[in-house]
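Survey of secondary and tertiary structure
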Amino acid sequence: MDMDSASSVVLQALTQATSQDTAVLKPAEEQLRQWETQPGFYSVLLSIFNNHMLDVNVRWLAVLYFKNGIDRYWRRVAPHALSEEEKTLLRAGLITNFNEPVNQIATQIAVLIAKVARLDCPRQWPELIPILLESVKSQDGLQQHRALLTFYHVTKTLASKRLAQDRRLFQDLASGIYSFACSLWSHHTDCFLQQIYARDEAAALGLLERTLLSLKVLISLNHPSSLGFQGFLNAVFERLKQFLECCRQVGSDSPCREKLEKTIILFTKVLLDFLEHHPCAFIPLIHRSLEFAVSYVFTPAGEGVTFERFIVQCMNLIKMIVKNDAYKPAKNIDDSKPESLEAHKIKTAFFTYSTLTEIGRRLVSHYFLLTEEELTMWEEDPESFAVEETGGDSWKYSLRPCTEVLFLDIFHNYSQTLTPVLLDMVQNLQGPTNVEDPVQLLMKDAVYNAVGLAAYELFDNVDFDQWFKNQLLGELQVSHHRYKLIRRRVIWLIGQWISVKFKSDLRPVLYEIILSLMQDPDLVVRHLQTYLESIFGLLFQLLQQVTECDTKMQVLHVISCVIERVSIQIRPYVGCLVQYLPLLWKQSEEHNMLRCAILTTLIHLVQGLGAESKNLYPFLLPVIQLSTDVSQPPHVYLLEDGLELWLVTLENSPAITPELLRIFQNMSALLELSSENLRTCFQIVNAYLYLSATDFLQNYAESLCRSFCDLLKDITNEGQVQVLKVVEIALKVSPVLGAHMFQPLLPAVFRGIVDGERYPVVMSTYLGIMGRVLLQNSTFFSSLLTQMASECNQEMDQLLGSVIEMWVDRMDNITQPERRKLSALALLSLLPSDNSVIQDKFCGIINICVEALHDVMTEDPDTGTYKDCMLMSHFEEPKLSDDEEPPTEQDKRKKLLALEDPVHAVSLHQFVYEKLKAQQTLMGDPGFGALMELVDTELVRQLREFLQGF
């Protein structure tokens, strides 16, 4: 590609590709796609995005095309790989200057330099780091910032490399520049603090950005084994205090405030990450950490400087220290490790009676109090308030759940000290509270919350039955509007204690009061099973008697809630309802909203009946057919609930029927809609695969594959993953038939792996699919490899090498342990082999195997041997408590399938041993020994540890 003539045509195409007119945009994108493999194209892109006179959108697009090209064509073994000559020129051009004026483009350039560095630094690009180090010393503010931004992305990327040889190279690099990075961070931090105290916030903001970047560089360079790491952590504490004091100087509306808080959080994250991953090395910092966190969260020292996310981080720090198993002595003190005893001694010395008392009281009386914002949410949107309050897995990030988790952990570990404190707070609130005193109402709510959370710890110290009769029962009967806060909390409190300590002869009294409270829309009611028969009978009677459509909808809503709440216990009482619903459905032909209510009731009914719901099919399947047929006008109202009913019907179906299979004819039109219901559609497809893969694929795979091909042309990454998961499940359920039926989709998966798909979740799914094909259908994999080698104009061995290399490089994209084990099994299935390419990638294969062994192997403390925790040998019906939902028929099918899945049927360490033994037999001892010598010694040591006993 001639540079002079090419620049103008590429610039024109990029300009057209930024157009909002699709008639202009699409041809330009196609043209750019064709140029991606032309020599010189990336040199033209470099000259375009380095030209600051051009339109920002055009330059932005040029950077993105360049960055995507690195992923696809920079590797030496990639199809249409860039020449070494062009790469040399590009590397030089990327670091000629650091003066990009647009922040977003500067960030993208830094990222793409880091991508090249991951592949080429230091071997092919030794000058990169020295140039960056020189550039960050520049007196020009813009150049210094851009160089520092690039320095951060490069160190972060190099630190993420996983192979042992790469890690050694990075550690050598880090040790050489560590002291410089420290001084750089200290310099920028000191300059920032000077400007803050001089009240020059404009200058401070730029310095704060550089402080943040230099801190991130230092974090990337640091490792617990690094010299000076403890010194760095001590410096973090000092800087934390200085930055918190800056919060007094910087108002909430200051432009510096957001970035200041972000830097403070990064400081705390350094401490939390180190504590989580290296608890023993953290022991010298326990006292300082506790002193720091408790001071800012539970004493006046934090007033005026703390903010919510910082408080959450401090609470997490305290919690992780209190709960850490490494800091607890063994039951038999003689069996304790010295470091555990040391940590326990430090904790005991810190958590004195006065400290614990202050923490306990302040948690309840300050952090447990509902805020104005929460009270307003409860008034305006009770359902969202209930979801927000429960918190789910948000304890690490949101203040209320974090506070409650910390309270529970501290109370559990120091209950002897804290129990009298909490009981004293209860005693001070005995008797009804004045409804005109909102402070006391909020305090009582907070204290009752604490008593409910600590129910198991207080078992021997609270006579709950007496408290219920003498105090709580009376509070439930206070009808004043403002007292609903306490009524709600008391109902919740009883729910917490009812399974801990509550006499059965008191339950009728409780149920009576609950029934009276059902008139209160603000309260959520539980424990209705005792009255289930009478309640359900009365509701059904009411449903028949009322004539207004809206009233019937409300009654159906209550019936649905009852069925949902009691699950399978509803089965003896639904006979009349099952007989009545077809009549009601017919009568409601002109009332689509009533039909929506019927669909919702059917959803809960099918879930309650489980496999017995097959008896409803004569009514149920025509309802699903009508509700999900986009050619029928009612689908506008019924589709969402109809799809949900279709899904739960499949999940609870004991076996496929011709009628159930026939309904899938509706799916093609539904997939064409690409609506917000697409996720449910994919779940329905998956349910058919689990129910009867052979019948389903033989009837519908061809049309489904066409629909998927159309979808993948214009779909989000999340949607792409959903499509790919269907293919993955098909291969899991039926490896041979699944590969045959979805064959048209698999070349794109193969290309995605070779090109280095940049979205981690998509790449993870690609590797999951290819892992299934390679492990369970090797014949098909060979034919696919042959096809792709022909399309890419490459040798099969060269292409296989590219796949393995990318697999090793992107193993971190795979987060699910099942897929990580699958990757190890799949790559091991290539052994034994005398293929030079496979032997050349042997180190990478071993690396993946050791990583997967760490993921799935657990050590037996008695024997000291390892076992694969993913192995399943037989299917057992789970023993359920009264509160647990029984497994659906689909749950049972999944477990039976898992018994045949290599991931759950093959022992990984035994498979590794057998494959290595076979490779040794093939090559002979000298050849195999030479091959193993290429593997990092630490990996070999870990591998031998896992394989002991063979």
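Computed from a prediction, not measured in an experiment: that's the story for all the values here. Within any chain, residue numbers begin from 1 and follow the written order of that chain's sequence. Only residues with pLDDT of at least 70 are given local features in this predicted model, and only at 80 or more are side-chain atom pairs given and counted; all residues enter the totals for whole chains, interfaces and linings. To obtain the side-chain values, all non-hydrogen atoms of the structure were used and water was disregarded.

1. Concerning the overall build of the protein chain
We apply this condition: The way it works is that DSSP assigns letters per residue, a run of H or I at least four long becomes a helix, a run of E at least two long becomes a strand, and they are numbered from the N terminus. What the globule rule says is 2.2 Å times the number of residues to the power 0.38, and the radius of gyration is computed from C-alpha atoms. Only protein chains enter the calculation, and the probe is 1.4 Å; a residue is then buried if its accessible area is under 20% of its type maximum, exposed if over 50%, and partly exposed in between. Residue contacts are defined here by distance: any two heavy atoms, one from each residue, within 4.5 Å place the two residues in contact. Only the protein chains shown count as cover for residues, and all accessible areas are computed by the Shrake-Rupley method using a 1.4 Å probe.
When helices and strands are tallied, the protein chain shows 46 helices and 2 strands. Taken over the C-alpha trace, the protein chain has a radius of gyration of 32 Å; the compact-globule value for 950 residues is 30 Å, and the two agree within 12%. Projected onto its principal axes, the C-alpha coordinates of the protein chain cover approximately 85 × 75 × 65 Å. Relative to its full complement of 950 residues, the protein chain shows a buried share of 52%. Of the contacts formed within the protein chain by residues at least 6 apart in sequence, a portion of 73% connects residues at least 24 apart. Accessible surface, the protein chain as shown: approximately 44000 Å² in total, 51% of it carbon and sulfur.

2. Here's the deal with the nonpolar core
Just so we agree on the cut-off: Among buried residues, those of type Ala, Val, Leu, Ile, Met, Phe, Trp, Tyr and Cys that are joined through side-chain atoms within 4.5 Å constitute a nonpolar core.
With 180 residues, the main nonpolar core has Leu14, Phe66, Phe192, Phe232, Phe310, Ile318 and Phe407 as its most contacted residues. Here this core takes 12 residues from helix H9 (residues 164-197), the largest share from any one element. Aside from chain neighbours lying at most four places away, what touches Phe66 is Tyr42, Leu45, Leu46, Phe49, Leu90, Leu94 and Leu112.

3. With respect to the side chain of Glu404
Note the cut-off: None of His or the chain ends enter the tally, which takes Lys and Arg as positive and Asp and Glu as negative. When a carboxyl oxygen of Asp or Glu lies within 4 Å of a side-chain nitrogen of Lys or Arg, that pair is called a salt bridge.
One can find Glu404 in helix H19 (residues 399-413). Summary of buried charges: Glu404 has no salt-bridge partner, and the nearest side chain of opposite charge, Arg400, is 4.3 Å away. With sequence-adjacent residues up to four places away left out, Glu404 is seen in contact with Phe368, Asn449 and Leu453.

4. A short note on empty space enclosed by the protein
Going by this rule: Definitions used throughout: a 1 Å grid over protein atoms alone; a cavity as a set of points that fits a 1.4 Å probe which cannot get out; a pocket as an open set with protein on both sides within 12 Å along at least five of seven lines; a lining residue as one with an atom within 4 Å of a point. Grid points are joined across faces, edges and corners, and a volume is the space filled by probe spheres set on the points.
One pass over the structure, following the stated rule, counts 4 cavities of 30 Å³ or more. Taken as a whole, the largest cavity encloses approximately 150 Å³ of empty space. Lining the largest cavity we find 16 residues, and of these Asn97, Phe98, Asn99, Glu100 and Ile109 sit closest to its centre. At the level of secondary structure, the elements contributing two or more residues to the lining of the largest cavity comprise helix H5 (84-94), helix H6 (103-120) and helix H8 (141-159).

5. What about the pattern of salt bridges?
A complete count under the given rule lists 38 salt bridges for this structure. For the salt bridge of Glu209 with Lys259, the shortest nitrogen-to-oxygen distance reads 2.9 Å. Of this pair, Glu209 sits in helix H10 (residues 201-221) while Lys259 sits in helix H12 (residues 257-277), and the two are 50 residues apart along the sequence. The class of Lys259 is partly exposed, set by a relative accessible area of 22%. Sharing partners across several salt bridges, the network here consists of Arg75, Arg118, Glu805, Asp809, Arg810, Asp840 and Lys841.

6. Concerning the environment of Leu233
By secondary structure assignment, the location of Leu233 is in helix H11 (residues 229-249). Sequence separation between Leu233 and Val270 is 37 residues, and the spatial gap between their C-alpha atoms is 8.1 Å. Leaving out residues up to four positions away in the same chain, Leu233 has contacts with Val270, Leu271, Phe274 and Leu285.

7. Concerning the environment of Lys501
Convention followed: Polar contact criterion, stated in full: a pair of N or O atoms within 3.5 Å, where within protein one must be able to donate a hydrogen and the other to accept it, and residues adjacent in sequence count only if both atoms are side-chain atoms.
Here Lys501 shows up in the loop between helix H23 (484-497) and helix H24 (507-517). In sequence terms Lys501 and Phe459 are 42 residues apart; their C-alpha atoms lie 7.1 Å from each other. Within polar-contact distance, the side chain of Lys501 engages the backbone oxygen of Phe459 at 2.5 Å. A distance of 2.9 Å separates the side chain of Lys501 from the backbone oxygen of Val462, its partner in a polar contact.

8. Topic: the domain arrangement of the protein chain
Using the following cut-off: For the domains described, the bounds stem from an automatic or database domain assignment. For any pair of parts, buried area is found by adding up, for both, the accessible area (1.4 Å probe) each one loses once the two are put together. Amino acids outside the nonpolar list (Ala, Val, Leu, Ile, Met, Phe, Trp, Tyr, Cys, Pro) and the charged list (Asp, Glu, Lys, Arg) are all regarded as polar, and Gly is one of them.
Domain annotation of the protein chain identifies domain 1 (529-654), domain 2 (664-815) and domain 3 (850-947). Listed by partner, the interface residues are 10 residues for domain 2 and 8 residues for domain 3. Surface buried jointly by domain 2 and domain 3 totals about 850 Å² across both partners, of which 66% is contributed by carbon and sulfur atoms. In this assembly, domain 2 and domain 3 are joined by 1 salt bridge. One salt bridge in this structure joins Arg772 and Asp901, with 2.8 Å as the shortest N-O distance. Every element with two or more residues in the side of domain 2 that touches domain 3 is listed here: helix H33 (678-712), helix H34 (717-733) and helix H37 (760-776). Among the residues making up the side of domain 2 that touches domain 3, the classes are represented as 6 nonpolar, 1 polar and 3 charged.

9. Section: the packing of H9 against H11
Note the threshold: Inter-axis angles, ranging from 0 to 180 degrees, are taken between N-to-C directions of lines fitted to C-alpha atoms, where helices are fitted over the stretch in contact. The labels follow the angle: roughly parallel below 35 degrees, roughly antiparallel above 145, roughly perpendicular from 65 to 115, and oblique for the rest. Each helix crossing is assigned a hand: it is left-handed if the near helix lies turned anticlockwise from the far helix by less than a right angle, otherwise right-handed if that turn is clockwise.
In the contact formed by H9 and H11, the axes pass within 11 Å of each other and the chain directions differ by 15°. For the element pair H9 / H11, the angle class is roughly parallel. Of the two elements, H9 crosses H11, and the hand of that crossing is left-handed. Here Tyr178, Trp185, Ser186, Thr189, Asp190, Phe192, Leu193, Ile196 and Tyr197 of H9 come into contact with H11, specifically with Phe229, Phe232, Ala235, Val236, Arg239, Gln242, Phe243, Glu245, Cys246 and Gln249.

10. What to know about a nonpolar patch on the surface
Put simply, the rule is: A patch is a set of surface residues, each over 30% in relative accessible area and not in a salt bridge, joined within 9 Å for like charges and within 5 Å for the nonpolar side chains Val, Leu, Ile, Met, Phe, Trp and Tyr.
A contiguous nonpolar surface patch, about 330 Å² in accessible area, is contributed by Met593, Val636 and Tyr637. Among the structural elements, Met593 can be located in helix H28 (residues 592-609). Classification of Met593 by relative accessible area gives partly exposed; the value is 47%.

11. Overview of the confidence of the model for the protein chain
Selection criterion: As a per-residue quantity, pLDDT reports the predictor's confidence and falls between 0 and 100.
For the protein chain, the average pLDDT comes to 86, and 92% of its residues sit at 70 or higher. Low pLDDT, under 50, characterises residues 391-395; the predicted model gives this stretch 7 contacts beyond four residues in sequence or across chains. The low-confidence segment residues 521-530 (pLDDT under 50) makes 22 contacts with residues lying over four places distant or belonging to another chain.

12. A short note on the state of the cysteines
In plain terms, the rule: Any two cysteine sulfur atoms lying within 2.5 Å of each other are counted as a disulfide.
In the structure shown here, the tally under the stated rule is 0 disulfides. In this structure Cys191 is a free cysteine whose sulfur lies 13 Å from that of Cys246, the closest cysteine sulfur available.

13. Comments concerning H8
As a reminder, the rule being used: What a helix is expected to span follows from its residue count: subtract one and scale by 1.5 Å.
Helix length check: H8 (19 residues) gives 27 Å between terminal C-alpha atoms against 27 Å at 1.5 Å per residue, within 8%. Counting buried residues along H8, 14 of its 19 residues qualify, which places the element largely inside the surrounding structure. Two or three places before Leu142, at the start of H8, stands the capping residue Asp140, its side-chain oxygen 3.2 Å from that residue's backbone nitrogen.

14. Describing the environment of Ser43
Structurally, Ser43 is set in helix H3 (residues 41-49). Classification of Ser43 as buried rests on a relative accessible area of 16%. Between the C-alpha atoms of Ser43 and Ser7, which are 36 residues apart in sequence, the distance is 9.3 Å.

15. Brief notes about the side chain of Arg257
Inspection of the secondary structure assignment puts Arg257 in helix H12. Within polar-contact distance, the side chain of Arg257 engages the side chain of Glu261 at 2.8 Å. The contacts of Arg257, once residues within four sequence positions are left out, are Cys247, Val250, Gly251, Ser252, Val305 and Phe307.

16. Digging into the packing of aromatic side chains
Note the threshold: Any pair of Phe, Tyr and Trp rings, taking the six-membered ring for Trp, is counted once the centres come within 6.5 Å. Such a pair is stacked with planes under 30 degrees apart, edge-to-face with planes over 60 apart, and tilted for the rest.
Throughout the structure, instances matching the rule amount to 34 aromatic pairs. Seen in terms of ring centroids, Phe464 and Trp467 are 5.9 Å apart; in terms of plane orientation they differ by 85°. Their pairing is edge-to-face. Taken together, the residues span about one helical turn, with Phe464 and Trp467 both in helix H22 (residues 464-476) at a distance of 3 residues. With centroids separated by 5.1 Å and ring planes inclined at 75°, the aromatic side chains of Phe468 and Phe502 adopt a geometry described as edge-to-face.

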